[in-house]
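Listed here are the chains, written in short residue letters.
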Amino acid sequence: MIRKTALFGLSVMLAAATALACTGPANLALQAAISKELAKHKNVSVEVDDCVATLTGEVDSYKDKLDIERQVRKHHDLTSVFVKVTVGGPIVDDAKLLETVTAELTHDRNTKGDIFGDFSVGVVDGAVTVIGFARNPMVRDDALEVVAATKGVKDVIDNIRVDELPEVQAMLPSRTNCSIMSAIYAPPYVGPTIPWQQ
């Protein structure tokens, strides 16, 4: 009974703390802090209501949009962030954008030495879809950053699967080979005889 009462009291205190954190003055203070951080993005505005931030406006590149969202999400007092920011900047023909993105991925792959894997890229109205595999999540994120930083990209759709490289899979011994190797190379058991092995 005491435990239930203590849990109920704790939940009431947490609810009260959340309600106090999302009052009008707290929302205004949070909104002012975020607006100050986003001052270099003149066309972006933020509104905070009930600890929910809504970003509106226009930026020059898709990378700017991602950077703004990451920056605002660092505020742990926010319960949610809605990004209604559009990407302006230059309008690039889809065929030209496809060629540019493909070249950027190839160039980045060659200069950094990362093996992105096989990617297929499609572009429709400035929205770039990347399909393929990456050897780990960091490589996938690097590839998406390259695409996001390309001029003319309005949106990025990530259909990259994270897989180990086939070469790595081929080097790993199969489960059958592991059990055979253990039977052959395991050190002999030297000790008292176990009753069920007699």
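Definitions and cut-offs
Residues numbered from 1 in each chain as written. Predicted model: local features only at pLDDT ≥ 70, side-chain atom pairs only at ≥ 80, totals over all residues. Heavy atoms only, no water. Helix = DSSP H or I, 4+ residues; strand = E, 2+ residues; numbered from the N terminus. Buried < 20%, exposed > 50% of the residue type's maximum accessible area, 1.4 Å probe, protein only. Contact = heavy atoms within 4.5 Å. Areas by Shrake-Rupley, 256 points an atom, 1.4 Å probe, with all protein chains shown as cover. Pairing = 2+ DSSP bridges. Axes fitted to C-alpha atoms, helices over the stretch in contact; angles between N-to-C directions. Core = buried A, V, L, I, M, F, W, Y, C linked by side-chain atoms within 4.5 Å. Right-handed = clockwise from strand over helix to strand, strands pointing away. Expected span 1.5 Å × (residues − 1). pLDDT = per-residue confidence, 0-100.

## Description of the overall build of the protein chain
In step 1: For the protein chain, the helix and strand inventory stands at 7 helices and 6 strands.
In step 2: With 198 residues in all, the protein chain has 27% of them scored as buried.
In step 3: By sequence separation, contacts in the protein chain at least 24 residues apart represent 63% of the contacts at least 6 residues apart.
In step 4: Counting every atom, the protein chain has about 13,500 Å² of accessible surface; 59% of that belongs to carbon and sulfur.

## Remarks on the sheet that holds strand S2 (residues 52-59)
In step 1: With mixed pairing, 3 strands are arranged side by side in an open sheet as S1-S2-S3. The open sheet is flanked by strand S1 (44-49) and strand S3 (80-87), the only strands paired with a single partner. Put simply, the sheet's adjacent strands are angled 10 degrees from each other on average, direction ignored.
In step 2: As paired elements, S1 and S2 share 6 bridges and run antiparallel to each other. What sits directly across from Glu-47, in S2, is Thr-54.
In step 3: Taken strand by strand, helix H3 (residues 62-73) contacts S1, S2 and S3, and its axis lies near 165 degrees from that of S3.

## Re the nonpolar core
In step 1: Within the largest apolar cluster, 33 residues are counted, with the highest numbers of intra-cluster contacts made by Ile-34, Leu-55, Val-72, Leu-78 and Val-128.
In step 2: Sorting elements by how many residues they give to this core places helix H5 (residues 137-148) first, with 6 residues.

## Quick look at the pairing of S3
In step 1: Sheet topology places S2 next to S3; 8 bridges connect them, and they run parallel. Bridge pairing in S3 places Gly-57 opposite Val-85.
In step 2: Remark: the S2/H3/S3 crossover connection has right-handed handedness.

## Details of the sheet that holds strand S5 (residues 127-134)
In step 1: The 3 strands lie next to each other as S4-S5-S6, forming an open sheet whose pairing is mixed. The sheet is open, and its two edges are formed by strand S4 (119-124) and strand S6 (155-162), each paired on a single side. Between one strand axis and the next, the sheet turns by 10 degrees as a mean value, whatever way the strands run.
In step 2: Where H5 meets the sheet, it contacts S4, S5 and S6, and its direction lies at approximately 160 degrees from that of S6.

## Focus: unusual backbone geometry
In step 1: One non-glycine residue, Cys-51, adopts positive backbone phi at about 65 degrees.
In step 2: Look at Asp-125: it is not a glycine, yet its phi comes out positive at around 55 degrees.
In step 3: Residue placement: Asp-125 occurs in the loop between S4 and S5.
In step 4: Under the relative-accessibility criterion, Asp-125 is labelled exposed at 65%.

## Focus: H5
In step 1: Counted at 1.5 Å a residue, the expected span for H5 with its 12 residues is 16 Å, and the 16 Å between its end C-alpha atoms agrees.
In step 2: Among the residues of H5, Val-139, Ala-143, Leu-144, Val-146, Val-147 and Ala-148 are the ones counted as buried.

## Brief notes about the confidence of the model for the protein chain
In step 1: Looking at the protein chain as a whole, its pLDDT mean stands at 77, while 66% of the residues score no less than 70.
In step 2: When the elements of the protein chain are averaged for pLDDT, helix H1 (residues 2-21) gives the smallest value, 53, and S2 the largest, 92.

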